[in-house]
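Results of the structural survey
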Amino acid sequence: ESSTLSARQRRVKNRHSPEEWEHQKALIERLYLDEDKTVEETMRYLKDEKNFVAGERKFKMQLKDWGFDKNIKSSVMQLMLAKSTKR
């Protein structure tokens with residue numbers, strides 16, 4: 001039983017190839033960054049509309065690999081703040 005479970009977990013873990021992720025990249029970028037959807041909303045859309053299911057951890061790792069980050073870096077924020085106080 002436990003060997004069957006681990007085989008199933010391995011299949012889920014490696015469900016999508018890098019090519020399959022690349023095929024969804026533009027859509028993920030549009031939903032997550034352009035339309036400002038949450039990770040959960042983006043994942044739900046991909047599941048419902050594209051039958052593309054991935055775990056949250058893998059999804060977030062892929063976003064990081066692509067540089068799809070919504071947070072403003074500290075150095076950029078300091079620059080923005082400095083410019084705004086000069087005005």
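For the structure itself, consult the block above.
The following paragraphs examine the structure supplied in this document. (Residues numbered from 1 in each chain as written. Predicted model: local features only at pLDDT ≥ 70, side-chain atom pairs only at ≥ 80, totals over all residues. Heavy atoms only, no water.)

Thoughts on the packing of aromatic side chains
The condition that has to hold: Pairing of aromatic rings covers Phe, Tyr and Trp, the last through its six-membered ring, and needs centres within 6.5 Å; plane angles under 30 degrees mean stacked, over 60 mean edge-to-face, and all others mean tilted. Only DSSP runs of H or I covering at least 4 residues are called helices, and only runs of E covering at least 2 are called strands; the numbering of each starts at the N terminus. Type-normalised accessible area, obtained with a 1.4 Å probe on protein chains alone, sets the label of each residue: buried when under 20%, exposed when over 50%, and partly exposed for intermediate values.
Per the counting criterion, the structure on display carries four aromatic pairs. Centroid distance Trp-21 to Phe-52: 4.9 Å. Interplanar angle 90°. Geometry classified as edge-to-face. Separated by 31 residues along the polypeptide, Trp-21 in helix H2 (residues 18–34) and Phe-52 in the loop between helix H3 (39–50) and helix H4 (56–66) bring together distant segments of the chain. We note that Trp-21, like Phe-52, is buried. Ring centres of Trp-21 and Phe-59 lie 6.0 Å apart, and the angle between their planes is 55°; this geometry places the pair in the tilted category.

Here we look at the nonpolar core
How we decide: For this analysis, a nonpolar core means a set of buried residues of the types Ala, Val, Leu, Ile, Met, Phe, Trp, Tyr and Cys, connected via side-chain atoms within 4.5 Å. The contact definition used throughout considers only heavy atoms, calling two residues in contact when any of these lie within 4.5 Å.
In this structure, Trp-21, Ile-28, Val-39, Leu-46, Phe-59, Leu-63 and Phe-68 are the most contacted members of the largest nonpolar core, which totals 14 residues. Contributing elements (two or more residues each) for this core: H2, H3 and H4. Ignoring any residue separated from it by four or fewer positions in sequence, one finds Phe-68 in contact with Lys-25, Ile-28, Glu-29, Tyr-32, Leu-33 and Leu-63.

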